[in-house]
Amino acid sequence: MSVSTDPRWPSEHYLKEDWGLRGWLLTTDHKRIAWLYLVSITAFFFLGGLAALLIRLELITPPGDLVSADTYNRLFSLHGIVMVWFFLIPSIPATLGNFLLPMMLGARDLAFPRLNLLSWYVYTLGGLFTLAAVIGGGVDTGWTFYTPYSTLFSNSAVIAAVMGVFIVGFSSILTGLNFIVTTHKMRAPGLTWFRLPLFVWANYATSLIMVLATPVLSCVLMLISVERLFGIGIFDPALGGDPLLFQHLFWFYSHPAVYIMILPGMGVVSEIIACFSRKPVFGYQGMVISIMSIAVFGFVVWGHHMFVAGQSLYAGLMFSFFTFLVALPSAIKAFNWTATLYKARIIFSAPMIYALSFVGLFTIGGLTGIILASIAIDVHVHDTYFVTAHFHYIMVGGMVTSYLGGLHFWWPKLTGRMYSELWSKVAALALFIGFNLTFFPQFLLGYQGMPRRYHEYPADFELLNVMSTLGAGVLAIGYLLPLLYLSWSLRFGAVAGGNPWRATGLEWTVDSPPLKHNFPRTPRVTEPAYAYDPTAD
Amino acid sequence: MNDFRPYLLTWVALLALLGVIVAAAALFDGLLASMIVLAGALCMIALIITLFMGLRSAGGLLRVYATGGVLWLGFLIVLTLADYLTR
Amino acid sequence: MPTTPPPTESGRVADQFDDIDQQREANLFGMWLFLATELLLFGGVFAGFVVFRVIHGEAFAEAAGHLDLALGTLNTALLLTSGLTMALAEQLVNAARRRAALAMLLATLALGAAFLAIKAYEWHHEYMERLMPVLGLPFEYPGKHPQQAELFFNFYFALTGLHAFHMLVGLCILGVLAILTWRWRDPPRIARQVQISGLYWAFVDVLWVVVFTLLYLLRL
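As the structure is a prediction and not an experimental result, all values here were calculated from the model.

1. Examining the overall build of chain A
- The helix and strand inventory of chain A stands at 16 helices and zero strands.
- Relative to its length of 537 residues, chain A is compact, with a C-alpha radius of gyration of 23 Å against a globular reference of 24 Å.
- C-alpha extents for chain A along the principal axes are approximately 70 × 50 × 45 Å.
- Within the span of chain A, comprising 537 residues, buried residues form 59% of the whole.
- Partitioning the intrachain contacts of chain A with sequence separation of at least 6 by distance along the chain shows that 85% fall at a separation of at least 24.

Given below as C-alpha cells:
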C-alpha cells in the first residue's frame, strides 16, 4: 500500500509541497482554502454540537435540573448562531464548492483567489467574535436577535455575537461573488450553461442568494448595533419605531438563507444519485429551472415567519401563497431524483446511502413545511417543537446529510485516498437512524403543544423527549465515526486513483489529488453532464 | 478634449436636475413636489449609472445584474410595505 | 505531469485567467456585483425609512424641514462634481496623461474631503440645535411630533453616518490611487484600478442622491 510504489499516485499534486504555515495561511489555491474551511467549520460544528448535546441532556427529564433557564437560553442561542452561520451557510459552498467549482468548470482557480483567501480570514475573524461572545457570558436572544429584546432588554453579550455574524456575512458575500463571476467568466471551451453539472448550478443559485440577501442581514445587524451602542434606534416602539420591521429585514435574509442551506445539498445529491444509478439525471433542464426558481421565489416568502407576529392578515395570505409556490420546484426535484433511480442498477455505496437519506428526509422536511405555510395550522404549531423538527429535517436531514455524502463522494478526489467502506456505511446508517429517532418525536411533541426554547416541560412529554435524546446519542456516533475513519484514511487509506467511482465530470478526469492548477491543459467539453450509460457494465 | 464632452454634458445635466428638484422641494408642497423630486432624482441616478459608470457601453450581463440589484431592493420595499399598508 | 503555466500573451495576466480580456471582464463584473451588495446594504435602511415615511408621513415631512437644505444641496453639487473629476481621471489615465490624471484624482479627493467637512459641520449644527439623539444626548424638538421626529433623526444619523463611512473608504482608495499614479510604475494596471475605483466612487454618489432625496427633499 505504499504510496511511492502505486502507479496511480501522482508525482505532482497540490498537497505535495509547501507544508509550512506560509504554504497554508497565505495560499491562494482554492483547493487548499477549501481545506482551511473544512477544518474551521468542523471545529464549529462540534462546538455547536456540544451545545446541542447539553440541550438534549437537559431535556431528558421534565424539570430543569442540569442547567439554569438562563444558561439554557444561552445554549440554544449559541447552537443556532454557530450552526447557521459558522457551519451550515459555509458548509458545502466554502468546502466542496470551493474545491470543486473551478474543477467542474475546467478552470485553474476561482476568478479572485486572493479574495477567496480573504473570505476565510473574514470567516475566522467572525468566528473569534462569536467565541468572544461565548467567553463573555454568552448571548440569550436566540439566533434571530429579535428586537426589542436584543436592543433594549438583553444583558448578554449581544454586541459581540452580532458583530461576529455581521463579519461572517461578508465572508459569504465574498464567496458568492467569487462563484458567480467564476461561473460566468471561466467556463472551459464547450462547457455551455446546459452542460454544467447540477452541483455548479446549485452553487451558482446559492451564490446569488448570498450576494443579494446577506447585505440586508448586515444592514439589520448594524442597526441593532447602533441602537445598542449609540442609542440610534429605529426599532424602538417608544419613538414610533416598529420591532416587526426588524423581523421583515431579518427574514428577508434569513428565509433565503434557508435555501443557502439546502440548494448546495441538492446539487451534491444530484451528482451522487446520477453516479450510483449509472444514469443521467432525469429531467436535467427541469432540475436547472427548479434550482433557479427556488432561489428566486425564496426571496418573496419571508413573511411566513411572521404569521402570528402581528403582520397584516393580507400580507400573511400573500406570503402563504408564495410559500406554497416554492413547493412546486422542490417537488419537481424530489420526483426527478426518484425517476433517476427508477429501473437503475443502484450501487449502495456510502455516499449513495447519504444521498438516499437526503431524498427521504428532505421530502418529510418539505411536506411539513407546507403544513407550516398554511396560516391556520401555523397559528396552532408556531413556536413549538413541530417547527424545530421541520427545519432540522431540512437543515440536518437535508444539508448535513448531503454535506457528509458529498464529503464521502469527493474524499478520494480531495485526498487521493479511500476510507473504510464498512465503517462509512455504518456511519451513514447511524446518521439516518439517529436523526429520525431524534427529530421525529419532536414533530409529535410540537403537535401536542410543547413550545420551543423552554428548559422544562410537563411530565407527559417525557417519553418522547427521552427518545429524542437517545436518538441524539446515535446521531453523535454518526458524526464522530467519519471524523475517525476519514482522518485515519489520510495516512493509511488505499490509493484511490483518478476516478474510483467511474463518475463523469471534469473533476474526475484528472489525478487524485489534482495538480496545483487542476488541469495539465485546459479541457474541452463535448458532451452534456452525466453522460452515464445505463446499459454499460 | 472631445472624449470629455459627454462627461461634461452629464455633469451640467446633473447640476441642472439638482437645481430643479431642490427648487421643487423648496417651492411646491404636497404630491406635486414629491413627484418632481422623485422623478428628478431617478433621472440623476440613471445619468450617473449609464454615463459616469459606463453602463451604457457595458455588456448585457452587467445590465442584467444591475437591474437585478434594483429589482431585489424593490422586492424588499414593496413586500414590506404590503404588510404596513394592509394592517 | 509538471504544472505548466497558462499561456499568456503578457506577463500581467493573473494565473487563473486565459487572457487580458477575460481578466478585465471578470474584474468589472465582480465590481458591479459588489455594488449590488452595497445597494442592498443601504437598502435595508432605505426600506425602513420608506415604511416610516408612509406611516408617519406628516411628522417625517416636518422633521425634514429641520435639516439644512442649502448645505445638503451644496454637498450634493460637490459630490456630483467629484463624480465628473473621477470620470475624467479615468479617461486621462487611459490616455496616459499622467500629470492631468493626477490632478483630477487630487481634485476628486479634495471635493470628497470638502463634502465630509460640510457634513461634519452639519452634524455639529444639529448637535448645537439639540437635534442629535445619539448616546443619550438631549433631543429637544420644537415641532408637533417629537418622538417620531426623533425616529427621523435616528434614520438621518444612521444613513448619513453609513454614507460618510463609505466616503472615508473612498478617500483612502483615492489616496492610494494618487500615489500609484504619481509613481506610474505599471500604467495598464493603474488604468484598471482607476476604472474599478471609479465605479465605487460613482456609486457612492448614487447612494448619496438617494439619501439626499429621502431625507432632505421629501418635506412638507
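2. So, the overall build of chain B
- Looking only at helices and strands, chain B has three helices and zero strands in total.
- Along the chain direction, N to C, the helices and strands of chain B fall in the order α-α-α.
- Taken over C-alpha atoms, the radius of gyration comes to 17 Å for chain B, far larger than the 12 Å a tight globule of 87 residues would show.
- By principal-axis analysis of the C-alpha atoms, chain B measures approximately 55 × 40 × 10 Å.
- The buried share of chain B, reckoned over its 87 residues, is 32%.

3. Comments concerning the UniProt feature "transmembrane region" (unreviewed entry) in chain B
Residue and element names in this part refer to chain B.
- With numbering matched to this structure, UniProt assigns "transmembrane region" (unreviewed entry) to residues 34-55 and 62-82.
- Secondary structure over residues 34-55 splits into 86% helix and 0% strand, and the C-alpha atoms at its two ends are 28 Å apart.
- Helix makes up 100% of residues 62-82 and strand 0%, whereas the separation of the span's terminal C-alpha atoms amounts to 30 Å.

4. Thoughts on the domain arrangement of chain B
- Segmentation of chain B into domains returns domain 1 (1-53) and domain 2 (59-87).
- Relative placement of domain 1 of chain B and domain 2 of chain B: their C-alpha centres are 22 Å apart.

5. A short note on the interface of chain B and chain A
- Counting from both sides, the interface comprises 10 residues of chain B and, opposite them, 13 residues of chain A.
- Along the lines of polarity and charge, the residues of the side of chain B that touches chain A split into six nonpolar, two polar and two charged.

6. Details of the interface of chain C and chain A
- Of the residues lining the interface, 37 residues belong to chain C; the matching set on chain A comes to 38 residues.
- Mapped by element, the contributors of at least two residues to the side of chain C that touches chain A are α1 (20-55) and α5 (146-183) of chain C.
- Among the elements that take part in the side of chain C that touches chain A, α1(C) stands out by supplying 17 residues, more than any other.

7. Describing helix α7 (residues 198-230) of chain A
Residues and elements named next belong to chain A.
- With 33 residues, α7 should reach 48 Å at 1.5 Å per residue; the first-to-last C-alpha distance of 47 Å fits that figure.
- The axis of α7 is deflected most strongly, by about 35 degrees, at alanine 213, and proline proline 215 appears within four residues downstream.
- The buried fraction of α7 is high, at 28 of 33 residues.
- Glycine 231 occupies a position one or two residues after α7 and carries a positive phi of about 75 degrees.

8. Considering the UniProt feature "domain: Cytochrome oxidase subunit I profile" (unreviewed entry) in chain A
- According to UniProt, the positions carrying the feature "domain: Cytochrome oxidase subunit I profile" (unreviewed entry) are residues 13-526 of chain A.
- Along residues 13-526 of chain A the backbone is 69% helical and 0% strand, and the end-to-end C-alpha distance reaches 26 Å.

9. So, the nonpolar core
- In this structure, A:Val216, A:Val220, A:Leu263 and C:Leu33 are the most contacted members of the largest nonpolar core, which totals 281 residues.
- It is helix α3 (residues 69-105) of chain A that contributes the most residues to this core, 22 residues altogether.
- Counting contributing residues per domain, this core is built from domain 1 (1-53) and domain 2 (59-87) of chain B, each supplying no fewer than three.
- Excluding anything up to four places from it in sequence, A:Val220 contacts A:Phe246, A:Leu249, A:Phe250 and C:Gly44.

10. Concerning the packing of helix α3 (residues 69-94) of chain C against helix α4 (residues 98-128) of chain C
Residue and element names in this part refer to chain C.
- Across the interface, α3 lies against α4 with an axial gap of 8 Å and an inter-helix angle of 160 degrees. Here α4 runs roughly antiparallel to α3, going by the angle between their axes. Between α3 and α4 the crossing geometry is left-handed.
- The class makeup of the residues in the contact of α3 with α4 is 18 nonpolar, six polar and two charged.

11. Quick look at the environment of A:Leu422
- With respect to the helices and strands, A:Leu422 occurs in helix α15 (residues 421-448).
- In this structure the C-alpha to C-alpha distance between A:Leu422 and A:Leu515, which are 93 residues apart in sequence, comes to 30 Å.

12. Remarks on the environment of A:Tyr259
Residue and element names in this part refer to chain A.
- Here tyrosine 259 lies in helix α8 (residues 243-260).
- Of the residues examined, tyrosine 259 has 27 C-beta atoms within 10 Å and is grouped as buried.
- Ignoring anything within four residues of it in the chain, the contact list for tyrosine 259 reads Ile209, Ile294, Ala295 and Gly298.

13. Considering the confidence of the model for chain B
- Averaged over every residue, the pLDDT of chain B is 92; the share at 70 or more is 98%.
- Under the prediction, the complex receives an ipTM of 0.94, its pTM being 0.96.

14. Digging into the packing of α7(A) against helix α10 (residues 284-297) of chain A
Residues and elements named next belong to chain A.
- Contact geometry for α7 and α10: axes closest at 9 Å, N-to-C directions at 15 degrees. The orientation of α7 relative to α10 falls into the category roughly parallel. Relative to α10, α7 is oriented so that their crossing is right-handed. Residues Leu198, Trp201, Ala202, Ala205, Leu208 and Ile209 of α7 pack against Met287, Val288, Ile291, Met292 and Ala295 of α10.
- When grouped by side-chain class, the residues that make up the contact of α7 with α10 number 11 nonpolar, no polar and no charged.

Criteria and cut-off values
- Residues numbered from 1 in each chain as written.
- Chains lettered and ligands numbered in written order.
- Predicted model: local features only at pLDDT ≥ 70, side-chain atom pairs only at ≥ 80, totals over all residues.
- Helix = DSSP H or I, 4+ residues; strand = E, 2+ residues; numbered from the N terminus.
- Rg over C-alpha atoms; globule rule 2.2 N^0.38 Å.
- Buried ≥ 20, exposed ≤ 12 C-beta atoms within 10 Å, placed from the backbone.
- Contact = placed C-beta atoms within 7 Å.
- UniProt positions renumbered as here; feature names shortened; annotations may be inferred.
- Domains from an automatic or database assignment.
- Nonpolar A, V, L, I, M, F, W, Y, C, P; charged D, E, K, R; others polar.
- Expected span 1.5 Å × (residues − 1).
- Bend = angle between axes of the 7 residues up to and from the residue.
- Core = buried A, V, L, I, M, F, W, Y, C linked by C-beta atoms within 7 Å.
- Axes fitted to C-alpha atoms, helices over the stretch in contact; angles between N-to-C directions.
- Parallel < 35°, antiparallel > 145°, perpendicular 65-115°, else oblique.
- Left-handed = near helix turned anticlockwise from the far one by under 90°.
- pLDDT = per-residue confidence, 0-100.

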